[in-house]
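This is what each chain is made of:
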Amino acid sequence: MLKLADARRIIDAAEKKAVEIGQPMNIAVVDEGANLLAHIRMDNAWIGSINIAINKAFTSRAFNISTKELADNSQPGDQFYGIHVSNHDRVMIFAGGIPLKDSKGNVIGAIGVSGGSGVQDQTVAEAGASAHTC
């Protein structure tokens, strides 16, 4: 079970990476039920990216896949084409969302990051996910 203390540790690691690369970000962590546990908006991070970060975390948990992988499989003609209009338009199909797993490989939450390029969002999300220790 992902707890608030876990979410804070994950966000702290992600925020550290965002500072390191010089890109203010919105960083969100959701629990097993895709419910928001914690979110931060760094100083000067885009307001428009708040919901994107939260929805990237939701998407990763809802489908147990990174949003980067989902994007790769949701192009015209691919198996998940059109998925971005499901779930009341909450599904995000660009990099920055990563599922968080327990020691047995079960998905217990996710991180979502938004505020930079796809590569920047993914890099910051990976830094946060690497701080997960459950």
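Before reading on, note that the structure itself is shown above.
Residues numbered from 1 in each chain as written. Predicted model: local features only at pLDDT ≥ 70, side-chain atom pairs only at ≥ 80, totals over all residues. Heavy atoms only, no water.

**A few points about the environment of serine 60**
In this structure, serine 60 sits in helix α2 (residues 50-63). Note: C-alpha distance between serine 60 and glycine 112 (52 residues apart in sequence) is 7.9 Å. (Helix = DSSP H or I, 4+ residues; strand = E, 2+ residues; numbered from the N terminus.)

**Remarks on helix α4 (residues 118-130)**
Helix length check: α4 (13 residues) gives 18 Å between terminal C-alpha atoms against 18 Å at 1.5 Å per residue, within 8%. Contacts made by the buried residues of α4 are with α1 (4-21), β1 (26-31), α2, α3 (67-72), β3 (97-101) and β4 (107-114). (Expected span 1.5 Å × (residues − 1). Contact = heavy atoms within 4.5 Å.)

**Description of unusual backbone geometry**
Residues other than glycine seldom take positive phi values, yet asparagine 44 does so here, at roughly 75 degrees. Positionally, asparagine 44 belongs in the loop between β2 (36-41) and α2. On the basis of relative accessibility, which here comes to 70%, the residue asparagine 44 falls in the exposed class. Backbone geometry at aspartate 89 places phi at a positive 65 degrees, although glycine is not the residue there. In this structure, aspartate 89 sits in the loop between α3 and β3. (Buried < 20%, exposed > 50% of the residue type's maximum accessible area, 1.4 Å probe, protein only.)

**Observations regarding the environment of glycine 116**
Tracing the backbone through its elements, the reader meets glycine 116 in the loop between β4 and α4. Measuring from C-alpha to C-alpha, the distance between glycine 116 and isoleucine 50 comes to 12 Å, with 66 residues separating the pair along the chain. Non-local contacts of glycine 116, meaning those with residues more than four positions away in its chain, are made with Gln23, Met25, Trp46 and Asp121.

**Some details on the pairing of β4**
Among the eight residues that make up β4, eight are buried, leaving the element largely enclosed by the rest of the structure. Bridge count for β1 against β4 is six bridges, and the pairing is antiparallel. Bridging from a neighbouring strand, isoleucine 27 pairs with valine 113 of β4. Looking at chain direction, β3 and β4 are connected through five bridges and run antiparallel. Across the sheet, residue proline 99 finds its bridge partner in β4, namely alanine 110. (Pairing = 2+ DSSP bridges.)

**With respect to the side chain of serine 74**
Here serine 74 lies in the loop between α3 and β3. For serine 74, the residues in contact, after removing those within four places along its chain, are Phe80, Tyr81, Gly82, Ile83 and Ile93.

**A closer look at the side chain of aspartate 121**
Here aspartate 121 shows up in helix α4. Looking at aspartate 121, the relative accessible area reads 3%, which means it is buried. At 2.9 Å, the side chain of aspartate 121 and the side chain of lysine 56 are in polar contact. Those residues within four positions of aspartate 121 in sequence are excluded, and the remaining contacts are Met25, Lys56, Ala95, Gly96, Val113, Ser114, Gly115 and Gly116. (Polar contact = N/O pair within 3.5 Å; in protein donor to acceptor, adjacent residues only side chain to side chain.)

Geometric descriptors of this kind do not, in isolation, establish any biological role.
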